[in-house]
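Architecture and fold: a report
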Amino acid sequence: MDDELITERRRVAFPQVFGYLRHVTGGLVRHAALIDCLTDYCRRHELALCGVFTDRDATVAIRSPAFVGLVDALELPDTYGAVVPSLSHLGPGSISTERMRQIAATGTRLIVIRSLKPSTESTPSLGTSPNLQPQGET
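Not measured: the values here are computed from a predicted model.

In this section: the overall build of the protein. Regarding its fold elements, the protein presents 3 helices and 5 strands. Going residue by residue from the N terminus, the α and β elements of the protein occur as β-α-β-α-β-α-β-β. A total of 138 residues make up the protein; the buried ones form 35% of that total. Counted over contacts in the protein with a minimum sequence separation of 6, partners at least 24 positions apart contribute 66%. Carbon and sulfur atoms form 53% of the exposed surface of the protein, whose accessible area is close to 8400 Å².

Quick look at the packing of aromatic side chains now. What the rule picks out here adds up to 2 aromatic pairs. With a centroid separation of 6.1 Å and an interplanar angle of 45 degrees, the aromatic rings of F18 and F53 are classed as tilted. Of the two residues, F18 sits in strand β1 (residues 16-22) while F53 sits in strand β2 (residues 48-55), which places them 35 residues apart along the sequence. A residue is classified by how much of its surface remains accessible, and F18, at 8% relative accessible area, is buried.

Quick look at the environment of L49 now. Counting through the fold element by element, L49 comes out in strand β2. The exposure class of L49 is partly exposed, given its relative accessible area of 26%. In sequence terms L49 and G19 are 30 residues apart; their C-alpha atoms lie 7.0 Å from each other. Among all residues touching L49, those that are not within four sequence positions of it are V17, F18, G19, L38, T39, C42 and V83.

All told, the structure shown has 4 salt bridges when counted by the stated rule. Through salt bridges with shared partners, a single ionic network connects D40, R43 and R44.

Look at E46: it is not a glycine, yet its phi comes out positive at around 55 degrees. Counting through the fold element by element, E46 comes out in the loop between α1 (28-44) and β2. Even without being a glycine, D78 presents a positive backbone phi close to 65 degrees. When you line up the elements, D78 lands in the loop between α2 (65-74) and β3 (79-86).

This part covers the packing of α2 against helix α3 (residues 93-105). The contact between α2 and α3 brings their axes to 9 Å, and the two run at 20 degrees. By the angle between their axes, α2 is roughly parallel relative to α3. On α3, the residues touching F67, L70, V71 and L74 of α2 are R99, Q102 and I103. Here the contact of α2 with α3 is composed, by residue class, of 5 nonpolar, 1 polar and 1 charged.

If you look at the biggest cluster of nonpolar residues, it comprises 16 residues, and the most contacted ones within it are Y20, F67, L70, L90, I103 and L110. The element that contributes the greatest number of residues to this core is α2, accounting for 6 residues. Those residues in contact with F67 that lie beyond four places of it in its chain are Y20, D55, I62, L90, R99, Q102 and I103. Membership of the second largest hydrophobic core comes to 10 residues, among which are L21, Y41, C42 and I111.

About the criteria used
Residues numbered from 1 in each chain as written. Predicted model: local features only at pLDDT ≥ 70, side-chain atom pairs only at ≥ 80, totals over all residues. Heavy atoms only, no water. Helix = DSSP H or I, 4+ residues; strand = E, 2+ residues; numbered from the N terminus. Buried < 20%, exposed > 50% of the residue type's maximum accessible area, 1.4 Å probe, protein only. Contact = heavy atoms within 4.5 Å. Areas by Shrake-Rupley, 256 points an atom, 1.4 Å probe, with all protein chains shown as cover. Phe/Tyr/Trp six-rings, centres within 6.5 Å; stacked < 30°, edge-to-face > 60°. Salt bridge = Lys/Arg side-chain N within 4 Å of Asp/Glu carboxyl O. Axes fitted to C-alpha atoms, helices over the stretch in contact; angles between N-to-C directions. Parallel < 35°, antiparallel > 145°, perpendicular 65-115°, else oblique. Nonpolar A, V, L, I, M, F, W, Y, C, P; charged D, E, K, R; others polar. Core = buried A, V, L, I, M, F, W, Y, C linked by side-chain atoms within 4.5 Å.

Structure (structure tokens):
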């Protein structure tokens, strides 16, 4: 008889994700609360939060330093995706759309903790990216 543990009893690494925040107002307490939100969500959903990239500049550019860091991290082997508290963290309008496209181009998922629609809907209505995964409560 084989003494090796069955698959369900082997240690399995949690999928690796990276957080992204656009935090231009509020102080350190608000920033810590946003990081706690990401951390708690990842813990509850068995995701390994490997780092959080934060943009603090009020000027919104598609290729901001923190967003470039996020995209670079998403291209690392074994990375599952990016997690954001809400889509507003990706920026306004066309900037958000372009950032979602860049995340999708890495072959990883975008996990949105608070979606725009109630979580009772069975399919996301945002439709801009097949990798967009609304999660959690509103």
